[in-house]
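Here are the chains, one letter per residue:
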Amino acid sequence: MRVVVTGAAGNVAQQVLPALEQRYELRPVDLADGDLSDAAVAGRLVADADAIVHLAGNAQPSASWDELFAPNIVAVANILAAARKKRVVFASSVHAVGQYREGIVDSHSPAAPCCSYGASKAYAEAAANSHCYQFGGSAICLRLGACTPEPPALDALEHWLGPEDLQQLVIRALETPVRFAIVPGISANTGSRWSTANPIGYSPTQDSANHRHLVETATGWATCEGAAV
Ligand SMILES: NC(=O)c1ccc[n+]([C@@H]2O[C@H](COP(=O)([O-])OP(=O)(O)OC[C@H]3O[C@@H](n4cnc5c(N)ncnc54)[C@H](O)[C@@H]3O)[C@@H](O)[C@H]2O)c1
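In this numbering scheme, every chain counts its residues from 1 along its sequence in written order. In keeping with the predicted nature of the model, local features appear solely for residues at pLDDT of at least 70, side-chain atom pairs appear and are counted solely at 80 or more, and the whole-chain, interface and lining totals rest on all residues. Note: side-chain values were computed over all heavy atoms of the structure, leaving out hydrogens and water.

K.L.:
Got a minute to help me understand the site of the ligand in this structure?
P.N.:
Whether a residue is near a molecule or strand depends on its heavy atoms: it is near if one of them lies within 4 Å of it. Around the ligand, the surrounding shell holds 25 residues, and the nearest of these are Val12, Asp30, Asp35, Tyr117 and Lys121. Here a polar contact is recorded for every N or O atom pair within 3.5 Å, except that within protein the pair must consist of a potential hydrogen donor and a potential acceptor, and residues adjacent in sequence are included only if both atoms are side-chain atoms. Contact distances for the ligand include 2.8 Å between an oxygen atom and a backbone N or O atom of Val12. Within the backbone of Leu36, a nitrogen or oxygen atom sits 3.0 Å from a nitrogen atom of the ligand. Contact with the protein chains hides 85% of the accessible area of the ligand, taken as 820 Å² for the molecule alone. In this analysis, the protein atoms alone were mapped onto a 1 Å grid. Cavities are point sets where a 1.4 Å probe fits without being able to get out; pockets are open sets with protein on both sides within 12 Å along at least five of seven lines; lining residues have an atom within 4 Å of a point. A cavity or pocket is said to hold a molecule if more than half of that molecule's atoms lie within 2 Å of its grid points. A majority-of-atoms criterion places the ligand in the largest pocket. Secondary structure elements are defined from DSSP: runs of H or I of at least 4 residues count as helices, runs of E of at least 2 residues count as strands, and each element is numbered from the N terminus. If you list the elements that add at least two residues to the shell around the ligand, you get helix H1 (11-21), strand S4 (87-93), helix H4 (116-135) and strand S6 (146-147). Broken down by element, the shell around the ligand gets its largest block of residues, 3 residues, from S4. Computed by Shrake-Rupley with a 1.4 Å probe, the accessible areas treat only the displayed protein chains as cover when residues are assessed.

Take a look at the structure:
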């Protein structure tokens, strides 16, 4: 399978590419290959692909709409249009459901973004869903937690996604014949409110509890603070 990975120079891609290289004919692309907010560029970069792992985007939860519009809205629309019926794996985020402060969060939790960045990810999920419904495409949206080799802070323990689980998740998302799904991108973290139940056979094995002793900072990765009422 020929797989284009966008955002290939980024943090998430660097953790997942080694596993993908062993299974697929891989084409990693990043800004140096062209800006995906240009529809012609998106069309050119994915033309020969069988599937796309779309990781490119503005990954900053503090970003403004001015900063998000081109990379997280226009580029997503361009990727979907260019992909047609090809499988697209999208990097969504826990920020798409960041308003949920208690109770279980799972793949059926409706989008409830905690910030503009989270809203841009909710848009990507909805755009991918409508693309599948309207045009017969195929998309898996991964609500990624903290994708780091070790949990970066105490408030990331419940939604950490370890590198081995991230690799398994992306492979399952590429290979499972499900037309559309939203899948929590979370490891099997002890005590987490995140359900990892999913329809693509992702079965996480890493647990942030095993790294807790390495975590020195209390905060830094939680979904955004809610607005004062
Ligand atoms: N890092 C995490 O823990 C995390 C968590 C949840 C979701 N995500 C999502 O995963 C994806 C990857 O995150 P990351 O941490 O690797 O981000 P990153 O900033 O490290 O990498 C993103 C890459 O996308 C490229 N890019 C940005 N705009 C582009 C454009 N218009 N055209 C082409 N390339 C463009 C950048 O050059 C960069 O190399 C993002 O969509 C992010 O929102 C990341």
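Text resumes after the structure shown.
K.L.:
Honestly, the layout of surface pockets in this entry has me stumped. Any pointers?
P.N.:
Unoccupied space between atoms shows up once a probe the size of one water molecule is rolled over them. Volume-wise, the largest pocket comes out at about 870 Å³. Lining of the largest pocket is provided by 39 residues; of these, Val12, Leu55, Gly57, Asn58 and Ala59 occupy positions nearest its centre. Counting residues per element, the ones that place at least two in the lining of the largest pocket are H1, helix H3 (65-83), S4, H4 and S6. Take the lining of the largest pocket: its biggest share by element is 4 residues, from H1. Grid points are joined across faces, edges and corners, and a volume is the space filled by probe spheres set on the points.

K.L.:
Whenever I open this one, the pairing of strand S2 (residues 25-29) confuses me. Can you help?
P.N.:
A regular strand places its side chains so that they alternate between the two faces of the sheet. Any two strands with at least two DSSP-identified bridges between them are counted as paired. As paired strands, strand S1 (residues 2-6) and S2 are joined by 5 bridges and run parallel to one another. If you follow Val3 over to S2, its bridge partner there is Leu26. A clockwise path from the first strand over the helix to the second, with the strands pointing away from the viewer, defines a right-handed crossover. On the question of chirality, the crossover connecting S1 to the parallel S2 by way of H1 is right-handed.

K.L.:
Help me understand the sheet that holds strand S8 (residues 180-185) in this model?
P.N.:
Sheet strands associate in pairs through backbone hydrogen bonding, adopting either a parallel or an antiparallel arrangement. Pairing in this open sheet of 6 strands is parallel, and the strands run S2-S1-S3-S4-S5-S8 from one edge to the other. The sheet terminates laterally at S2 and S8, the two strands that pair on one side only. Neighbouring strand axes in the sheet, compared pairwise and without regard to direction, differ in orientation by 20° on average. The pairing of strand S3 (residues 51-54) with S4 spans 4 bridges and is parallel. Helix axes are fitted to C-alpha atoms over the stretch in contact, other axes to C-alpha atoms as well, and angles between N-to-C directions run from 0 to 180 degrees.

K.L.:
Got a minute to help me understand the packing of H1 against helix H5 (residues 163-175) in this structure?
P.N.:
When two helices pack together, their arrangement is given by the angle between the helix axes and by the axis-to-axis distance. One can describe the packing of H1 onto H5 by two numbers: an axis separation of 9 Å at closest approach and a directional angle of 65°. One finds that H1 runs roughly perpendicular with respect to H5. Of the two possible hands of crossing, H1 and H5 adopt the one that is right-handed. Contacts between H1 and H5 involve Val12, Gln15, Val16, Ala19 and Leu20 from the former and Pro163, Leu166, Gln167, Val170, Ile171 and Leu174 from the latter. In terms of residue class, the contact of H1 with H5 is built from 9 nonpolar, 2 polar and no charged. To sort the angles, those under 35 degrees are grouped as roughly parallel, those over 145 as roughly antiparallel, those from 65 to 115 as roughly perpendicular, and the leftovers as oblique. Two helices cross in a left-handed way if the nearer one is turned anticlockwise from the farther one by less than a right angle. They cross in a right-handed way if the turn is clockwise. Only heavy atoms enter the contact rule, under which two residues are in contact if any of them lie within 4.5 Å. Residues are grouped as follows: Ala, Val, Leu, Ile, Met, Phe, Trp, Tyr, Cys and Pro are nonpolar; Asp, Glu, Lys and Arg are charged; every other residue, Gly included, is polar.

K.L.:
Any chance you could explain the packing of helix H2 (residues 39-46) against H3 here in plain terms?
P.N.:
Contact geometry of H2 with H3 gives a least axis separation of 9 Å together with a crossing angle of 45°. By the angle between their directions, the pair H2 and H3 is classed as oblique. Crossing angle aside, the handedness with which H2 passes H3 is right-handed. On the side of H2, the interface is formed by Ala39, Ala42, Gly43 and Val46, while H3 contributes Asn78, Ile79, Ala82 and Ala83.

K.L.:
What is the right way to look at the nonpolar core in this model?
P.N.:
Across soluble globular proteins, you tend to see nonpolar side chains buried next to one another. As used here, the term nonpolar core means buried Ala, Val, Leu, Ile, Met, Phe, Trp, Tyr and Cys residues forming a set that is joined through side-chain atoms within 4.5 Å. Remark: exposure states derive from per-residue accessible area (1.4 Å probe, protein chains only) relative to the maximum for the residue type, with buried under 20%, exposed over 50%, and partly exposed in between. Of all hydrophobic cores here, the largest spans 30 residues; its most connected members are Leu142 and Leu174. Take this core: its biggest share by element is 6 residues, from H5. Look past the residues within four positions of Leu174 in its chain and what remains in contact with it is Met1, Val3, Leu20, Tyr24, Ala51, Val53, Arg87 and Val89. The next biggest cluster of nonpolar side chains, apart from the first, holds 25 residues, and it includes Val41, Ile79, Ala128 and Cys141.

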